[in-house]
Amino acid sequence: MSQTTSHKNLLKAFVLPGLPHLLLAADKNPGWKKVRNSFDQVKASIDELNPDVLLVYSTYWPSILGHQVQTREMSEWTHVDDQFHALGSIPYKIKGDKKLGESIVKNAKARGLYAKTVDYNGFPIDTGSVVVHELINKDARRPMVIVSSNVYSDRAETVVFGKAAVDALNEQGKTAVAIVVTSLSNRLHTRVVDPKEDHIHSLKDQEWNEKFMEFLGEGRLEDASQLSRQFHKEARVHKVANFKPFWWLSAVMGANNLYAGEILSYAPVCGTGAAVIRLTPSNKAARDLEFDENDPEKYSGERNVLGGEDKDSNFEGGEGFHPSSGMRAGDSDDTFGRAP
Amino acid sequence: MKGKIVAGCLAPHPPHLVYAENPEQNEPHAECGWESLRWAYERLRKSLSEIEYDVLVVHSPHWRTQAGTHFLGVEKFKSISVDPIFPHLFRFHYDLTVDVDLSKAIHDQAQKRGLATEMMNNPDFRIDYGTIVSCHMTNPAWDKPIVAISSTGGARYFNMEVQQALSFELGQATREAIEASGKRAVLLSSNSLSHRHFVKEPDLPEDMSHEHINNHNQYLWDMKVIDMMRKGQTKEFAKIMSDFTEQATAETDAGSLSWLLSALDFPEYESKFHGYGTVIGTGNAVMEWRP
């Protein structure tokens, strides 16, 4: 099924942090301010693309009974974070896309998952989704469909859930920007730390964040996805089964490394690694890397990883190899496998 | 007059119990369900009706704060609490009063003992469903003020030993502050015992033909620790709390029960066992200690 799934409706992807400091207290730390300001770039980028919907996977919304999808037409509340309540209240109005949400659930069920819609007044929409919404879509110009992060799901289930979202978009012919709301390392300070003294909780977390951002900066989304378990082990607090946002994002956008990656900002927020990352579908693949090859049935030459001229269909992938089934909006002229 | 903890209770918070009680504050309505636990709560209420108390002090796993222990610091809260996992069962309109003086006193005493603490002074704050369920099932009239205490994530951030050490300090601070306040307090540890649950539910949530313990291992552990609590072996229980928490995936990881046992100074007397039941596979007991 994945070989025929089209990802053409996915225009761009973002990785966004969701702690409320970025919205309510950014001036208290230059790093927070830098990260907050890069949300303006995200907003401008989305405005330029003008997608039909913002598709959000939030690690701040844990679910237990399968997967939950927001389907409320308009969610209105004043949110206060459980822990960072002293920063203030966040009144919000989030517009949903009921039909798309219902279709995601329908397709998730069709793919064997347990999934539910959520349409209740006063439902506690998570801090991360609210913060991101207020920073990039405060006027509720575009509908936002938020999906939960199932606590127990592992890779296969998360990937399938991502594919269900693509099914729904394709079914309804809607374009989307995909957003995962997550920190990289997520170890918060366990004592109050003066904002001016904020730092990544440990050197180990910092090093893993840098490695992850190196991958994503090179557009290696699928490589980052494949590193999720190791990243979870090294740089995440083990509150859930695994680190899964990049499994979902890779499934939604296309499980490959064909992206232009940009780290728009990175800074510690309360000890966690807060990075704003943009991934733009592109035909230019990171070369000499891991997960940009297909699964050949017939030998037709090696992939050109050592440099030299592109021999057209001489690579393993050959003609027609494009994990996302063809060109997408924003594709460059660069061809897969071409040496620099 | 010296204040006193007049009762300490293990008071689990599955929202299903409120759902099945059909109070007017809850929007959804049920046909029946989880009677063994609801009737256990009924026995607890009857028992508590025999004593006088001024305040309920509740420690909840569902108000999670990593940077220290937080305490409600606003006198009145009125809103709706919607369970994020079971919104179809629990949409509860609450209107409650906080004993801010006692809340601040426990906060200050905990700080003196070296714990990281913070008062929660935001009037828009929404009360977690763990606090609400335990308080409602214990005192559905809501005619007593409450003190609500958050749970730190020490068991996940460090390990259960660290969480337990923090909870023991908090328990002692709670007792000292209550004694200094001159008030009579009932303490509620708002948690299940074994906590591995099913990840699907029947179309009719209160269809009890689907309800049973998630696995035999959990049942064995639940019975073991309930028996220890019944017999007053709480010090011994505290020593194996980490093993229980890990092996039964117990909700004691939040530190609520460790807090309660410490506040009660690890009772060696028998507790009242009001009942046990499962909710979506988790093990829950309603128990009471009378110091």
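Just so it is clear, the model here is predicted, and its values are computed rather than measured.

1. Comments concerning the packing of helix H3 (residues 98–110) of chain A against helix H5 (residues 155–172) of chain A
Residue and element names in this part refer to chain A. At a closest axis distance of 8 Å, the pairing of H3 and H5 adopts a crossing angle of 130°. Here H5 runs oblique to H3, going by the angle between their axes. The two elements H3 and H5 meet at a crossing, and its hand is right-handed. Of H5, the residues touching H3 (which contributes Lys99, Leu100, Ser103, Ile104, Lys106, Asn107 and Ala108) are Phe161, Ala164, Ala165, Asp167, Ala168, Leu169, Glu171 and Gln172. Residues belonging to the contact of H3 with H5 are distributed by class as follows: eight nonpolar, three polar and four charged.

2. Points about a nonpolar patch on the surface
All names here are of chain B. A contiguous nonpolar patch, built from Phe158, Val162 and Leu166 and spanning about 220 Å² of accessible area, is present on the exposed surface. Tracing the backbone shows Val162 in helix H6 (residues 160–181). Here Val162 falls in the partly exposed class, since its relative accessible area comes to 30%.

3. Thoughts on the nonpolar core
Counting residues in each nonpolar core, the largest one holds 51 residues, and the members touching the most others are B:Leu72, B:Phe77 and B:Val186. Among the elements of the structure, strand E1 (4–10), helix H1 (15–21), helix H2 (35–48), strand E2 (55–64), strand E5 (91–97), helix H4 (129–138), strand E7 (146–151) and strand E8 (184–189) of chain B are those that each provide at least two residues to this core. Not counting the four nearest positions on each side in its chain, B:Phe77 is found in contact with B:Leu72, B:Tyr94, B:Asp95, B:Leu96, B:Val98, B:Met120, B:Asn122, B:Pro123, B:Phe125 and B:Ile127. In this structure, A:Trp208, A:Phe231, A:Met253 and A:Tyr266 belong to the second largest nonpolar core, which totals 47 residues.

4. Some words on the packing of aromatic side chains
If you walk through the whole model with that rule in mind, you get 17 aromatic pairs over all chains. Plain terms: the ring middles of A:Phe243 and A:Phe246 are 5.7 Å apart, the flat faces sit at 50° to each other, and that makes the pair tilted. Residue A:Phe243 shares its accessibility class with A:Phe246, and that shared class is buried. With a centroid separation of 6.4 Å and 55° between ring planes, the pair formed by B:Phe90 and B:Tyr129 is classed as tilted.

5. Quick notes on the pattern of salt bridges
Residue and element names in this part refer to chain A. As enumerated under the stated definition, the model contains 37 salt bridges over all chains in all. Asp40 is paired through a salt bridge with Arg36; the nearest N and O atoms lie 3.1 Å apart. Taken together, the residues span about one helical turn, with Asp40 and Arg36 both in helix H2 (residues 30–49) at a distance of four residues. Exposure remark for Asp40: the relative accessible area of 37% places this residue in the partly exposed category. Ionic pairing is found between Lys106 and Glu171, a salt bridge with its closest N-O pair at 2.7 Å. Here Glu171 lies in helix H5 and Lys106 lies in helix H3, a separation of 65 residues in the sequence. Judged by its relative accessible area of 46%, Lys106 falls in the partly exposed class. Exposure remark for Glu171: the relative accessible area of 44% places this residue in the partly exposed category. When salt bridges with common partners are traced through the structure, they connect Lys43, Asp47, Asp139, Arg141 and Arg142 into a single cluster.

6. Here we look at helix H8 (residues 234–247) of chain B
Residues and elements named next belong to chain B. Look at H8: 18 Å from first C-alpha to last across 14 residues, which is about the 20 Å you get at 1.5 Å a residue. The largest bend along H8 reaches roughly 55° and is located at Ile240. Residues of H8 that are buried include every one of Thr234, Phe237, Ala238, Met241, Ser242, Phe244 and Thr245, and no others. Where H8 is buried, its residues touch H6, helix H7 (216–230), helix H9 (256–263) and strand E10 (282–289). Looking at the residues trailing H8, positive phi occurs at Thr249, about 45°.

7. Regarding the interface of chain B and chain A
Each partner contributes to the interface: chain B provides 37 residues, whereas chain A provides 35 residues. Each partner contributes to the roughly 3100 Å² buried at the junction of chain B and chain A, and carbon and sulfur atoms together form 56% of this total. When the buried surface of chain B facing chain A is broken down by residue, B:Ile85, B:Arg126 and B:Tyr157 rank first, second and third, together holding 21% of it. Counting every contact that joins chain B to chain A gives one salt bridge. Ionic pairing is found between A:Lys116 and B:Glu201, a salt bridge with its closest N-O pair at 2.8 Å. On the surface where chain B and chain A come into contact, there are 16 residue pairs in polar contact (both at pLDDT 80 or more). Secondary-structure elements contributing two or more residues to the side of chain B that touches chain A are E2, strand E4 (76–82), strand E6 (117–120) and helix H5 (154–157) of chain B. Of the residues contributing to the side of chain B that touches chain A, the split by class is 18 nonpolar, 10 polar and nine charged.

Conventions adopted
- Residues numbered from 1 in each chain as written.
- Chains lettered and ligands numbered in written order.
- Predicted model: local features only at pLDDT ≥ 70, side-chain atom pairs only at ≥ 80, totals over all residues.
- Heavy atoms only, no water.
- Axes fitted to C-alpha atoms, helices over the stretch in contact; angles between N-to-C directions.
- Helix = DSSP H or I, 4+ residues; strand = E, 2+ residues; numbered from the N terminus.
- Parallel < 35°, antiparallel > 145°, perpendicular 65-115°, else oblique.
- Left-handed = near helix turned anticlockwise from the far one by under 90°.
- Contact = heavy atoms within 4.5 Å.
- Nonpolar A, V, L, I, M, F, W, Y, C, P; charged D, E, K, R; others polar.
- Patch = residues over 30% accessible without salt bridge, like charges linked within 9 Å, V, L, I, M, F, W, Y side chains within 5 Å.
- Areas by Shrake-Rupley, 256 points an atom, 1.4 Å probe, with all protein chains shown as cover.
- Salt bridge = Lys/Arg side-chain N within 4 Å of Asp/Glu carboxyl O.
- Buried < 20%, exposed > 50% of the residue type's maximum accessible area, 1.4 Å probe, protein only.
- Core = buried A, V, L, I, M, F, W, Y, C linked by side-chain atoms within 4.5 Å.
- Phe/Tyr/Trp six-rings, centres within 6.5 Å; stacked < 30°, edge-to-face > 60°.
- Expected span 1.5 Å × (residues − 1).
- Bend = angle between axes of the 7 residues up to and from the residue.
- Buried area = accessible area lost by both parts, 1.4 Å probe.
- Polar contact = N/O pair within 3.5 Å; in protein donor to acceptor, adjacent residues only side chain to side chain.

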